[in-house]
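Architecture at a glance
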Protein chains: 2
Amino acid sequence: MAVVMKGSEVANAMKEKMIKEVEALKAKGIAPTLGIVRLGARPDDLAYEKGAVKRCETVGIGSKVFEYPEKITQAELIDEINKINADKTIHGILLFRPLPKHIDENVIKYVISPQKDIDCLNPVNVAKVFEGDESGFAPCTPTAVVEMLDFYNISLEGKRVVVVGRSLVVGKPLAMMLLKKNATVTICHTRTRNLQETCRNAEILIAAAGKAKMVTGDFIPKGGVVVDVGINLDENGNLCGDVDYQAAEGIASHITPVPGGVGTVTSSVLAKHVIKAASAF
Amino acid sequence: MAVVMKGSEVANAMKEKMIKEVEALKAKGIAPTLGIVRLGARPDDLAYEKGAVKRCETVGIGSKVFEYPEKITQAELIDEINKINADKTIHGILLFRPLPKHIDENVIKYVISPQKDIDCLNPVNVAKVFEGDESGFAPCTPTAVVEMLDFYNISLEGKRVVVVGRSLVVGKPLAMMLLKKNATVTICHTRTRNLQETCRNAEILIAAAGKAKMVTGDFIPKGGVVVDVGINLDENGNLCGDVDYQAAEGIASHITPVPGGVGTVTSSVLAKHVIKAASAF
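Parameters at a glance
Residues numbered from 1 in each chain as written. Chains lettered and ligands numbered in written order. Predicted model: local features only at pLDDT ≥ 70, side-chain atom pairs only at ≥ 80, totals over all residues. Domains from an automatic or database assignment. pLDDT = per-residue confidence, 0-100. Contact = placed C-beta atoms within 7 Å. Helix = DSSP H or I, 4+ residues; strand = E, 2+ residues; numbered from the N terminus. Nonpolar A, V, L, I, M, F, W, Y, C, P; charged D, E, K, R; others polar. Pairing = 2+ DSSP bridges. Expected span 1.5 Å × (residues − 1). Buried ≥ 20, exposed ≤ 12 C-beta atoms within 10 Å, placed from the backbone. Arc of directions from axis to C-beta. Least-squares fit on C-alpha atoms with pLDDT ≥ 70 in both.

1. Let's talk about the domain arrangement of chain A
Taken domain by domain, chain A comprises domain 1 (29-115) and domain 2 (140-263). Taking only C-alpha atoms, the centre of domain 1 of chain A and the centre of domain 2 of chain A are 29 Å apart.

What follows is the structure in structure tokens.
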């Protein structure tokens with residue numbers, strides 16, 4: 001049976017390190033603080049916010065929620081973000097998306113200060129991920145994948161990695177981050193032919209398609225590493241990943257569960273990014 | 001024998017279209033003009049400049065060379081670029097690189113107005129290439145590859161494309177552009193294991209490694225398309241590509257020569273980008 005790569009183990013290891021880093025910052029008079037910008041109060045956002053605030057708390061990072069009415073105008077939102085940019089007590093900004101329809105994300109993304117843009121919305125940080133420049137902030141989810149592989153000592157050097165999914169929040173940035181670590185990366189998607197064969201031929205398979213259990217046993221590389229980034233609901237309304245876990249665990253050497261896998265590490269990465277932002281102050 | 005994909009044929013087809021576009025712009029009172037920013041007078045730069053100016057001329061695009069001494073300070077260069085940004089008679093800016101050592105390209109790249117940044121130096125355009133947003137400017141060389149494939153009716157949809165090389169000027173942006181066209185893209189590089197096998201398994205192989213004739217017959221996919229982006233000198237001092245052309249032409253279905261291939265299309269793309277920039281004025 002495959003080694004189960006548990007998000008909680010990765011998160012715990014990150015936590016120990018972060019507690020020390022936050023202490024060191026506080027000794028220098030810097031209290032790392034996350035600013036959460038939320039428009040309205042969608043249940044999904046509130047759930048993620050609760051998790052993020054708690055994760056930050058456990059390592060000593062403060063947080064402040066900036067809640068605005070959903071009907072805030074674009075100009076008003078820009079003003080508010082500029083205030084948070086200028087606010088020296090806030091080090092990282094998390095803006096919940098999708099934004100309401102009357103607000104253009106393509107405008108807003110330029111407004112968030114690149115130095116506080118801990119979830120990689122500003123093109124300055126997007127370009128850095130693309131360029132392999134690690135001085136900026138990569139999106140939290142693909143960074144969580146890299147953290148997991150790293151924690152479980154899975155080398156990427158020269159490995160055949162197949163990423164299923166080409167989204168801007170996971171697939172594409174992850175491909176660039178893996179490339180930076182010298183993996184040979186293949187990016188697959190809905191138009192890919194022979195997807196099963198391509199996946200089966202990987203040494204490391206990363207499923208980030210957002211489609212419940214689409215990666216069946218036929219896709220799984222024998223003795224390969226399988227990372228499941230998907231968070232979906234199955235036919236019974238239960239959380240499940242993109243991978244058919246039951247089928248995969250007998251074929252792969254390593255596998256991440258859903259829930260309890262990559263998703264568990266994401267808010268730790270967010271906290272890590274707040275510390276990085278605060279350290280650069 | 002393989003069909004030879006000739007840069008001159010692609011450039012000619014682009015020329016016809018561009019002449020009409022420039023005429024239409026001029027009828028509206030806009031005279032598309034390229035601004036070339038050059039520090040010092042390196043022979044390579046002068047040769048490329050000559051070609052670019054001529055290519056622009058043949059379609060009716062004007063050009064203006066801004067030559068500065070190599071010892072210009074970074075602050076002075078920033079001032080000069082800002083003047084060109086504000087100059088309404090200049091629509092596109094080409095800045096020759098590498099810059100002298102005392103000037104930080106990582107600073108300068110932010111200075112060039114994204115709207116005039118026709119060779120994709122500004123992170124705003126870099127991020128757009130990454131995001132698949134075609135409203136910006138992609139780098140000229142990878143765009144030339146896409147133009148060639150398009151001209152020769154080589155569909156990318158669902159195709160297995162292998163890109164050898166992960167540079168910021170060719171490999172990575174090209175991978176993103178091919179992905180946007182629904183190819184399944186594998187990015188290979190110096191650390192890739194089984195490079196030959198991976199290349200041979202491609203339907204379209206793009207060599208952008210910058211290493212003379214490294215892609216020997218063993219790499220060539222039987223009946224596949226081979227695009228050679230390399231421009232190198234061989235052991236006799238003659239121009240050659242990354243591909244061993246003699247070996248490849250008997251195996252591939254289509255192949256680009258060097259010289260006379262992708263490089264021939266690059267300055268046409270530059271001209272096309274000047275028109276695009278002028279059209280958005």
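2. With respect to the confidence of the model for chain A
Per-residue confidence for chain A gives a mean pLDDT of 97, with 100% of residues at or over 70. In the model output, the complex is listed with pTM 0.96 alongside ipTM 0.95.

3. Notes on the interface of chain A and chain B
How big an interface is tends to be reported as the loss of accessible area on association of its parts. At the interface, 22 residues of chain A touch 22 residues of chain B. Those elements that place two or more of their residues in the side of chain A that touches chain B are helix H5 (123-131), helix H7 (171-180) and strand E6 (184-188) of chain A. At six residues, H5 of chain A tops the list of elements feeding residues into the side of chain A that touches chain B. Considering only residue class, the side of chain A that touches chain B consists of ten nonpolar, six polar and six charged. The pairing of E6 of chain A with strand E6 (residues 184-188) of chain B spans three bridges and is classified as antiparallel. In the sheet register, Ile187 of chain A faces E6 of chain B, and the bridge partner there is Val185 of chain B.

4. Observations concerning helix H2 (residues 43-59) of chain A
Residue and element names in this part refer to chain A. In this model, H2 (17 residues) spans 25 Å end to end at C-alpha, consistent with the 24 Å of a helix rising 1.5 Å per residue. Where H2 is concerned, the buried positions are Glu49, Ala52, Arg55, Cys56 and Val59. Take H2 and look down its axis: the buried residues cluster within an arc of 135°, on one side only. Facing away from the buried side of H2 by more than 90 degrees, the exposed set consists of Pro43, Ala47, Lys50 and Lys54.

5. Description of the relation of the copies chain A and chain B
Look at the two chain copies: a rotation about an axis and a shift along it is all it takes to match them. For these two chains of identical sequence, chain A goes onto chain B by a turn of 180° and a shift of 0.0 Å along the axis, with RMSD 0.0 Å. Such a turn and shift between the copies fits a two-fold axis. Looking at the rotation axis and the C-alpha trace of chain A, the residue lying nearest is Thr186 of chain A, at 2.0 Å. When the interface residues of chain A are mapped onto chain B, 100% of them are again interface residues, pointing to one common binding face.

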